[in-house]
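A look at the structure
Below, each chain spelled out in residue letters.
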Amino acid sequence: MAIESYFCSMETDTLTLKDIISESLNNSMTYSEYRNLVIKLVEEKSTTGNDKSETFVEYTQLNDRRMRRWDKTGKVAEDMKTKIKNFDKKVTWLVISESWCGDAAHIMPIINKVAELNDNIDYKIVLRDENEALMNQFLTNGGQSIPKLIMLDSETLEVLNTFGPRPIVATNMVLAYKEEHGMLTPEFKEDLQRWYNKDKGQSIVEDLVSLLN
């Protein structure tokens, strides 16, 4: 299964890219720290990112509820657990996100469920608008789409692969709808949220396991 991967600004040399990655890692947080941040923002009626409008504040509030649900109910199938636990290379999963992102609210808790199964996987998070240089190296079709997971060799910081902004099944749904309708409608976005709920994170887990392979 191919993982969507876009390495942009190819003229950027490896050393410069490593510098950008290293700086972003220095500014990163753990998933637990990210969740605490979102909870605090909800209490303060605020949001991450440059846009602090009421709409984005409401998205953050909604996403906190989504993440809370997945933190409690997200499961990894036993056959997938075995594959994850057998992975023996030290990697860092550096995820670019924002609290208002609907896809991220479904995906990030599942990433955490997978990372918790293997100490070789170091899960770190940075905010997109505070790490634009990093984001611009990993665009999707020219856009700053999130969440974006960058898999790194923990020792060398070499980029091994990427995942996101959606699992492959959801990506194909989006592409098919855009091809037919030209844009994503509010109705489709609601359908996509229902798909996430019905899928229960299993497509995300499958893509992440493929990433490790």
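Just above sits the structure.
The paragraphs below set out a description of the structure included in this document.

So, how was this worked out
Residues numbered from 1 in each chain as written. Predicted model: local features only at pLDDT ≥ 70, side-chain atom pairs only at ≥ 80, totals over all residues. Heavy atoms only, no water. Core = buried A, V, L, I, M, F, W, Y, C linked by side-chain atoms within 4.5 Å. Buried < 20%, exposed > 50% of the residue type's maximum accessible area, 1.4 Å probe, protein only. Helix = DSSP H or I, 4+ residues; strand = E, 2+ residues; numbered from the N terminus. Contact = heavy atoms within 4.5 Å. Pairing = 2+ DSSP bridges. Axes fitted to C-alpha atoms, helices over the stretch in contact; angles between N-to-C directions.

As for the nonpolar core
Soluble, globular proteins show a tendency: their nonpolar side chains are buried together. Membership of the largest hydrophobic core comes to 59 residues, with the highest contact counts inside it found for W93, L134, L149 and L208. Examining the composition of this core, we find that 8 residues originate from one element, helix α5 (residues 102-115), more than from any other. Those residues in contact with L149 that sit more than four places away from it in its chain are W93, L94, V95, I111, N161, T162, F163, L208 and L211.

Examining the sheet that holds strand β3 (residues 148-153)
Strand order across the open sheet formed by 4 strands is β2-β1-β3-β4, with mixed pairing between neighbours. A single partner strand is all that each edge strand has here, and the edge strands are β2 (121-127) and β4 (159-163). Averaged over neighbouring strand pairs, the angle between their axes works out to 20° when direction is ignored. Where β3 meets β4, 4 bridges bridge the pair, whose relative direction is antiparallel. Bridge pairing links M151 to N161 in β4. Packed on one face of the sheet, helix α2 (residues 31-44) meets β1 (91-97) and β2 and runs near 35° to β2.

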